[in-house]
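Fold and geometry: a report
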Amino acid sequence: MDIEKILTGGVVFKKASSGNGQKEDKVKTKAKKKTYITGLHGSGAAKMKADIRKKRANRHK
């Protein structure tokens, strides 16, 4: 029965379902989290990067 169905209808490949039900828009890397963007976690490099981002955002205002 299954073989006849495959022969007549063909094989359909679907995307595998995620078993754990995570949201797709979830932040996955530390670099995109709020504390890293604003430099609040204490790293000097992150504070410098946040300062550069702030200057770039205000450049053409």
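Residues numbered from 1 in each chain as written. Predicted model: local features only at pLDDT ≥ 70, side-chain atom pairs only at ≥ 80, totals over all residues. Heavy atoms only, no water.

On to the overall build of the chain, then. The helix and strand tally for the chain stands at 3 helices and 0 strands. What you see in the chain, going N to C, is helices and strands ordered as α-α-α. When burial is assessed residue by residue, the chain has 5% of its 61 residues classed as buried. Looking at the chain as shown, the accessible area adds up to about 6,300 Å², and 57% of this sits on carbon and sulfur atoms. (Helix = DSSP H or I, 4+ residues; strand = E, 2+ residues; numbered from the N terminus. Buried < 20%, exposed > 50% of the residue type's maximum accessible area, 1.4 Å probe, protein only. Areas by Shrake-Rupley, 256 points an atom, 1.4 Å probe, with all protein chains shown as cover.)

Side chains that carry opposite charge are capable of pairing whenever their charged atoms lie near each other. Within this structure, the stated rule accounts for 1 salt bridge. Here Lys55 and Asp51 are joined by a salt bridge, their closest N and O atoms 3.6 Å apart. Separated by 4 residues within a single helix, Lys55 and Asp51 lie in helix H3 (residues 44-57), roughly one turn from each other. The partly exposed category is assigned to Asp51, whose relative accessible area is 31%. (Salt bridge = Lys/Arg side-chain N within 4 Å of Asp/Glu carboxyl O.)

A contiguous patch of positive charge, built from Lys49, Arg53, Arg56 and Arg59, is present on the exposed surface. Here Arg56 shows up in helix H3. (Patch = residues over 30% accessible without salt bridge, like charges linked within 9 Å, V, L, I, M, F, W, Y side chains within 5 Å. Lys, Arg positive; Asp, Glu negative; His and termini not counted. Charge placed at Lys NZ, Arg CZ, Asp CG, Glu CD.)

We now examine the confidence of the model for the chain. Confidence in the prediction for the chain averages 76 pLDDT; 70% of positions are at 70 or higher. Least confident of the elements in the chain is helix H2 (residues 34-38), whose mean pLDDT is 70; most confident is H3, at 86. (pLDDT = per-residue confidence, 0-100.)

The next thing to look at is helix H1 (residues 2-9). Of all 8 residues making up H1, only 0 are buried, and the element is barely covered by its neighbours. A positive backbone phi angle near 90° is found at Gly10, which sits one or two residues after H1.

Turning to a nonpolar patch on the surface, a few remarks are in order. On the surface, Ile6, Val11 and Phe13 cluster together to form a nonpolar patch covering roughly 370 Å² of accessible area. Here Val11 is to be found in the loop between H1 and H2. Exposure remark for Val11: the relative accessible area of 54% places this residue in the exposed category.

Along the chain, the position of Thr8 falls in helix H1. A relative accessible area of 71% means that Thr8 is categorised as exposed. Within polar-contact distance, the side chain of Thr8 engages the backbone oxygen of Glu4 at 2.9 Å. Within the local environment of Thr8, its side chain forms a polar contact with the backbone oxygen of Lys5, the two atoms lying 3.3 Å apart. (Polar contact = N/O pair within 3.5 Å; in protein donor to acceptor, adjacent residues only side chain to side chain.)

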